[in-house]
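This is what each chain is made of:
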Amino acid sequence: MIVVEIRKLFGRRRTWVSIFLLCLLPTVVAVFLSLTDIGPRPGEGPAFLSAVLSNGALYPAAALGIVLPIFLPIAVSIVAGESIAGEATTGTLRYLLVRPVGRTRLLVAKLSSITLFVLVAVFAVSITALVVGLNLLGSGPVVATTTVSGTPLSPSQLGIRTVLTILYVGWSMLGVASVAFFLSTLTDSPLAAALGGLSALVGSTVLVTLDAADNVRDYLPTRYWLAWVDFFRDPILWRDIERGFLVQGVYVVVLLGMAWANFTTRDVTS
Amino acid sequence: MITTHGLTKRFGRVLAVDSVDLDVREGDRYGFLGPNGSGKTTTVRMLLGLVYATRGEIEVLGEPIPKHVRDVLPEVGALVENPAAYPHLSARTNLTILDASGPPTDRASRRNRRQRVGEVLEQVGLASIGRRPVKTYSLGMRQRLGIASALLGRPRLLVLDEPTNGLDPQGIREIRELLVGLNRAGTTIFMSSHLLAEVEQLCTRVGVVDRGRLVAQAALTELRGETGRTLVRVGDPAGAVGLLDGRVVGRDGDRLVLAGTTVAEATARLVQARIAVHEAAPERRTLEDVVLGLTSHGSDRVDGDGHRTEQLQP
């Protein structure tokens with residue numbers, strides 16, 4: 001069943017178009033940067049963008065920084081929101097269930113395909129960014145690769161830290177996915193589920209910047225989203241990363257639990 | 001094959017199905033009749049474990065539902081309301097995906113999947129459909145595909161909700177012949193319908209549901225009992241009316257409806273009086289008479305009497 005779901009998702013042109021578009025944006029940014037050599041001043045604009053001018057090897061991290069706030073969550077939300085509600089809309093949900101596919105099993109299969117989508121999307125962006133970065137922005141002398149703290153970084157260290165970033169961003173996206181996924185078991189409209197997931201995200205982003213919401217800030221899902229920048233400090237600053245990982249984990253577990261509890265007990269009337 | 005006891009489903013304040021006791025036996029072609037919104041589809045969904053009953057018990061193939069739904073459903077083929085398929089994929093891919101989603105059985109294994117897909121497409125008349133995506137199909141073709149997917153697992157029991165929806169007369173006949181053939185080969189068929197003529201031609205047993213309640217359940221021949229009146233078609237209707245004075249309760253051209261007599265007595269008297277008898281038979285109730293006598297308006301008709309709307313399915 002898991003294999004079938006994955007094939008269903010990745011057999012769709014729509015899936016690949018969304019991944020292509022995700023890769024397109026950082027590429028366009030890289031083209032402009034390489035043509036003009038005008039980067040945002042350090043400390044402004046998306047993370048790392050000023051640093052990549054001198055070294056394209058840092059560009060994957062910068063590219064993730066570009067797609068993380070909006071584009072990646074949109075793509076993930078759509079895929080996750082579509083999962084159950086989409087089947088309900090086409091009417092295929094009832095035929096899957098009477099085939100029979102156990103309800104828990106269906107959820108696990110859908111969740112697996114969403115997780116794979118998140119990973120593929122994040123990897124695709126990183127790899128495209130690496131290729132684009134090295135070709136357009138140049139690799140620069142190895143010693144020039146520096147951390148945010150200003151110390152040098154060897155290529156292997158850089159590689160490990162980039163992979164950690166990919167996983168951290170993927171985990172954050174799974175948080176968005178679980179909101180949309182839960183909503184997808186609640187409604188028969190994929191659009192409502194996807195937009196619901198995005199609204200939760202926007203809501204959280206607004207509250208994070210609000211001083212009056214200081215007390216709850218640390219528990220908001222997007223609070224530690226940008227903590228992956230800390231992977232590029234020397235030494236790695238684990239505190240926020242760990243917290244972000246845990247907070248996100250709580251959201252994922254609770255929302256998936258709710259999705260399961262709801263879907264396994266509800267009447268399927270679609 | 002299907003037994004329910006006191007099966008009840010309440011959606012909020014709406015009582016969709018009200019203590020229904022179904023009894024579908026092995027080898028039946030069971031017609032589940034009722035006006036629109038009388039609870040047919042909800043009942044079908046409960047039989048398949050899609051909707052959970054508020055009260056009552058369900059047994060399908062001897063196992064309790066929804067508890068053992070996983071053991072039962074591989075042996076059941078179903079069409080619930082409309083057929084559904086992934087619109088961007090072909091019929092063949094849709095069937096293959098659906099089959100791969102569920103557990104294989106002895107009769108429907110992974111190894112004979114390709115063969116089964118070809119078989120069912122042929123059975124429903126979609127053999128040369130090719131690779132066109134389902135979104136280009138006509139209503140009738142989708143319906144055929146829906147029936148194909150119900151047959152895919154070589155089921156012992158077919159549960160079909162309005163199986164001939166959207167088919168033309170030719171298609172209806174084909175599907176009817178297909179279902180009769182499958183039934184002869186041992187498949188029990190449970191179909192719901194609001195088309196009386198269809199049930200009359202296909203089914204051996206009938207259950208009639210009205211506003212969520214099962215108001216009749218019997219063999220078709222039993223329901224369609226004789227009315228006690230006699231129908232004759234004669235060469236000289238005016239003469240016959242004179243002869244059988246008082247017995248004639250209706251006349252339509254050369255056809256007479258007689259009461260208080262039998263076929264034997266009426267024909268004997270007519271022949272004695274040298275009136276030609278073209279046809280003579282006891283009058284039988286049509287299924288339509290029976291069902292219309294037992295049921296109320298469908299819920300798609302909303303008249304002034306507001307109390308009925310409370311019985312609607314949401």
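Since this is a predicted model, take the numbers as computed values, not measurements. (Residues numbered from 1 in each chain as written. Chains lettered and ligands numbered in written order. Predicted model: local features only at pLDDT ≥ 70, side-chain atom pairs only at ≥ 80, totals over all residues. Heavy atoms only, no water.)

What to know about the environment of Thr147 of chain A
Residue and element names in this part refer to chain A.
Working step 1: Checked against the element boundaries, Thr147 lands in the loop between α6 (103–137) and α7 (155–186).
Working step 2: On a C-alpha basis, the gap between Thr147 and Phe231 in space is 8.8 Å, while along the polypeptide they are 84 residues apart.
Working step 3: Once residues lying within four places of it in the same chain are set aside, the contact partners of Thr147 are Leu153, Arg161, Phe232, Arg233 and Asp234. (Helix = DSSP H or I, 4+ residues; strand = E, 2+ residues; numbered from the N terminus. Contact = heavy atoms within 4.5 Å.)

Focus on the layout of surface pockets
Residues and elements named next belong to chain A.
Working step 1: Of the pockets and cavities examined, the largest pocket occupies roughly 620 Å³.
Working step 2: Lining the largest pocket are 30 residues, and of these Leu9, Arg12, Arg14, Val79 and Glu82 lie nearest its centre.
Working step 3: Per element, the largest residue contribution to the lining of the largest pocket is 11 residues, and it comes from helix α4 (residues 71–90).
Working step 4: Of the residues contributing to the lining of the largest pocket, the split by class is 14 nonpolar, nine polar and seven charged. (1 Å grid on protein atoms, 1.4 Å probe; cavity = no way out; pocket = protein on both sides within 12 Å on 5 of 7 lines; lining within 4 Å. Points joined across faces, edges and corners; volume = space filled by probe spheres on them. Nonpolar A, V, L, I, M, F, W, Y, C, P; charged D, E, K, R; others polar.)

Examining unusual backbone geometry
Working step 1: A cis geometry characterises the amide bond from Arg99 of chain A onward to Pro100 of chain A, with omega recorded as 5°.
Working step 2: Relative to the helices and strands, Pro100 of chain A resides in the loop between α5 (92–97) and α6.
Working step 3: Omega for the bond connecting Ile65 of chain B with Pro66 of chain B falls within 30 degrees of zero, at 5°, which places this linkage in the cis form.
Working step 4: Backbone geometry places Glu162 of chain B, a non-glycine residue, at a positive phi of 50°.
Working step 5: Within the fold, Glu162 of chain B resides in the loop between β8 (157–161) and α6 (169–184).
Working step 6: Residue Glu162 of chain B is classed as buried on the basis of its relative accessible area, which comes to 13%. (Buried < 20%, exposed > 50% of the residue type's maximum accessible area, 1.4 Å probe, protein only.)

Observations concerning the packing of aromatic side chains
Working step 1: Tallying each qualifying case throughout the model produces six aromatic pairs over all chains.
Working step 2: Taking 5.0 Å as the distance between ring centres and 25° as the angle between the ring planes, the aromatic pair formed by Trp171 of chain A and Phe245 of chain A counts as stacked. Taken together, the residues span a long stretch of sequence, with Trp171 of chain A in helix α7 and Phe245 of chain A in helix α10 (residues 238–265) at a distance of 74 residues.
Working step 3: On the basis of relative accessible area, Trp171 of chain A is assigned to the partly exposed category, the value being 23%.
Working step 4: Ring geometry for Tyr30 of chain B against Phe190 of chain B: centres 5.4 Å apart, planes inclined by 15°, an arrangement best described as stacked. Of the two residues, Tyr30 of chain B is situated in strand β4 (residues 29–33) and Phe190 of chain B in strand β9 (residues 188–193); the sequence distance between them amounts to 160 residues.
Working step 5: Classification of Tyr30 of chain B as buried rests on a relative accessible area of 0%.
Working step 6: Taken together, the ring pairs in this structure connect Tyr168, Phe231 and Trp238 of chain A into an aromatic cluster. (Phe/Tyr/Trp six-rings, centres within 6.5 Å; stacked < 30°, edge-to-face > 60°.)

Quick word on the domain arrangement of chain B
Working step 1: Here chain B is described as being made up of domain 1 (2–220) and domain 2 (226–284).
Working step 2: A C-alpha centroid distance of 45 Å is found between domain 1 of chain B and domain 2 of chain B. (Domains from an automatic or database assignment.)

Remarks on the interface of chain B and chain A
Working step 1: Across the boundary between the two partners, chain B contributes 29 residues, which contact 24 residues of chain A.
Working step 2: Contact with chain A buries surface across chain B, with Leu50, Tyr86 and Ser101 of chain B losing the most and accounting together for 26% of the total.
Working step 3: Our enumeration of links across chain B and chain A arrives at two salt bridges.
Working step 4: In this structure, Asp267 of chain A and Lys9 of chain B form a salt bridge, with 2.6 Å as the shortest nitrogen-oxygen distance.
Working step 5: Remark: the boundary between chain B and chain A carries 18 residue pairs in polar contact (both at pLDDT 80 or more).
Working step 6: Secondary structure elements with two or more residues in the side of chain B that touches chain A: β1 (2–11), β7 (76–79) and α3 (91–101) of chain B. (Buried area = accessible area lost by both parts, 1.4 Å probe. Salt bridge = Lys/Arg side-chain N within 4 Å of Asp/Glu carboxyl O. Polar contact = N/O pair within 3.5 Å; in protein donor to acceptor, adjacent residues only side chain to side chain.)

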